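Coordinates in review
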Amino acid sequence: MITVLIAGILGFLISLTALPVFIKKMKSLKLGQLIRDEGPAAHQYKAGTPTMAGLIFIPAAILAYLLTMGISAVFFGTSPLPSATAWLTIAFTLGMLGVGAADDIMKFRHKGNEGLTERQKTIGLLAVTVPFAFLAFPNESGARPASTAISFVRDLPIDLFAAGAVFGSILVAVWITLISLSGTNAVNFTDGLDGLAGGVMMTIFSGYLTISIWQYVHACTAGAGTACYDVRDPGSLALIAASLIGSLAGFLWWNVSKAQIFMGDSGSLALGGAMVAVALFTRTELLLLVMALIPVLEVFSVIVQKFDFKVSRKRSVA
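What comes next concerns the included structure.

Cut-off values and rules
Residues numbered from 1 in each chain as written. Predicted model: local features only at pLDDT ≥ 70, side-chain atom pairs only at ≥ 80, totals over all residues. Heavy atoms only, no water. Axes fitted to C-alpha atoms, helices over the stretch in contact; angles between N-to-C directions. Helix = DSSP H or I, 4+ residues; strand = E, 2+ residues; numbered from the N terminus. Left-handed = near helix turned anticlockwise from the far one by under 90°. Contact = heavy atoms within 4.5 Å. Phe/Tyr/Trp six-rings, centres within 6.5 Å; stacked < 30°, edge-to-face > 60°. Expected span 1.5 Å × (residues − 1). Patch = residues over 30% accessible without salt bridge, like charges linked within 9 Å, V, L, I, M, F, W, Y side chains within 5 Å. Areas by Shrake-Rupley, 256 points an atom, 1.4 Å probe, with all protein chains shown as cover. Salt bridge = Lys/Arg side-chain N within 4 Å of Asp/Glu carboxyl O. Core = buried A, V, L, I, M, F, W, Y, C linked by side-chain atoms within 4.5 Å. Buried < 20%, exposed > 50% of the residue type's maximum accessible area, 1.4 Å probe, protein only. Pairing = 2+ DSSP bridges.

Examining the packing of helix 1 (residues 2-28) against helix 2 (residues 54-76)
- Their axes nearest at 8 Å, the elements helix 1 and helix 2 cross at an angle of 140 degrees. In terms of crossing hand, the pair formed by helix 1 and helix 2 is right-handed. Across the interface between the two elements, Ile-2, Thr-3, Ile-6, Ala-7, Leu-10, Gly-11, Ile-14, Ser-15, Ala-18, Leu-19 and Phe-22 from helix 1 touch Leu-55, Ile-56, Phe-57, Ala-60, Leu-63, Ala-64, Leu-67, Thr-68, Ile-71, Ser-72 and Phe-76 from helix 2.

Put into structure tokens, the structure is as follows:
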């Protein structure tokens, strides 16, 4: 698919060229990363480094996708309009970008490393996820891109709608919400060392690019048998994944150590949102535990550290 290559190149070029302008503007406004005094001494030099790169490389990826659709329409006669799956993925990603940007802005206002409270961030994530969950899972005609079944590489024989339309809808919404909150926070926790989250997410989206192309080639048609993939708009998902890979490559150009800009929560939460949407729409949400192994381990590490801290504090008080 030559359009996949075009999307990746456009994402890279737009991100690569737009970020230096953003870096210069952030420096002029003196809006940089704030480092905790109790943090590692080796990280103190990062103080003042511009952040919120997600405001650039996420729109760069979306613009690359839209331009690719236009180019494909001109040269290959395809529709220039994004599919419903693409619009849902873009909207969900932008919604998470908004929550992350609010968190970053609050850090600047507080002049510290504390942005939104845990409750405020959760409310923001839910405000984006609940409408997405409602719009994503199938209606009676099965027209929407997500599945009512729990999936690994295909739908498993665990259909949440077996509980009935009303209760089944609630179960699907809860399932999507659980994946959303887990996935976005996992990527958020991974954003630590220079280039780590960007490199990890490039790897994950490369995996989903491969999966989407495979599903596109082996899409179900009438009489195709059970070896096909009943996924809506895999071609759109492939183009979005390619655009994100390209834009992340452009970001990493400026983010490798010593980083000139960080992605911020605006970038990490948006990437988490895009990852969750692609996992749901390729019907591989359980496979995400393998695809996103590093973010999963990051979450596990945070849980263990918090548990150890609470236990240690209780022992010291006792």
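A closer look at the packing of aromatic side chains
- Counted according to the given criterion, the structure contains four aromatic pairs.
- Seen in terms of ring centroids, Phe-92 and Phe-132 are 4.0 Å apart; in terms of plane orientation they differ by 15 degrees. Their pairing is stacked. Residue Phe-92 is found in helix 3 (residues 84-110), and its partner Phe-132 is found in helix 4 (residues 118-136); the two are separated by 40 residues along the sequence.
- With centroids separated by 6.0 Å and ring planes inclined at 70 degrees, the aromatic side chains of Phe-137 and Phe-161 adopt a geometry described as edge-to-face. Taken as a pair, Phe-137 in the loop between helix 4 and strand 1 (149-151) and Phe-161 in the loop between strand 2 (155-159) and helix 5 (165-190) lie far apart in primary sequence, 24 residues in all.

Considering unusual backbone geometry
- In the Ramachandran plot, Met-52 falls in the positive-phi region, its phi being about 65 degrees despite a non-glycine side chain.
- A positive phi angle is found at Arg-283, which is not glycine, with a value near 60 degrees.
- For Arg-283, the location among the structural elements is in the loop between helix 8 (264-281) and helix 9 (288-291).

Overview of helix 3
- With 27 residues, helix 3 extends 39 Å from end C-alpha to end C-alpha; this agrees with the ideal 39 Å at 1.5 Å per step.
- Directly beyond the C-terminal end of helix 3, a positive phi value near 50 degrees is found at Lys-111.

Overview of a nonpolar patch on the surface
- On the surface, a cluster of nonpolar side chains totalling about 480 Å² of accessible area is made up of Ile-2, Val-74, Phe-75 and Phe-76.
- In terms of residues, the nonpolar patch owes the most to one element, helix 2, which gives three residues.
- Relative to the helices and strands, Phe-76 resides in helix 2.

Observations concerning the pattern of salt bridges
- In this structure the tally under the stated criterion is five salt bridges.
- Note that Arg-283 and Asp-155 form a salt bridge whose closest N and O atoms lie 3.3 Å from each other. Placement of Arg-283 in the loop between helix 8 and helix 9 and of Asp-155 in strand 2 is noted, with a sequence separation of 128 residues between them.
- The partner of Arg-232 in a salt bridge is Asp-233, with the nearest N and O atoms 3.2 Å apart.
- Overlapping salt bridges bring together Asp-103, Lys-107, Lys-121 and Asp-265 as one network.

Some words on the nonpolar core
- Counting residues in hydrophobic clusters, the biggest one holds 75 residues, and the most contacted among them are Phe-132, Phe-205, Phe-251, Leu-271 and Phe-281.
- Only helix 1, helix 2, helix 3, helix 4, helix 5, helix 6 (196-217), helix 7 (234-255) and helix 8 provide two or more residues apiece to this core.
- Top contributing element to this core by residue count: helix 7, with 12 residues.
- If we skip the residues at most four places from it in the chain, Phe-132 touches Leu-88, Phe-92, Ile-176, Ala-277, Leu-280 and Phe-281.

Structural notes on the pairing of strand 2
- Inspection of the sheet shows strand 1 paired to strand 2 by two bridges, in the antiparallel sense. The residue of strand 2 that forms the bridge with Ser-151 is Asp-155.
- The turn joining strand 1 and strand 2, which pair antiparallel and follow one another in sequence, is formed by three residues.

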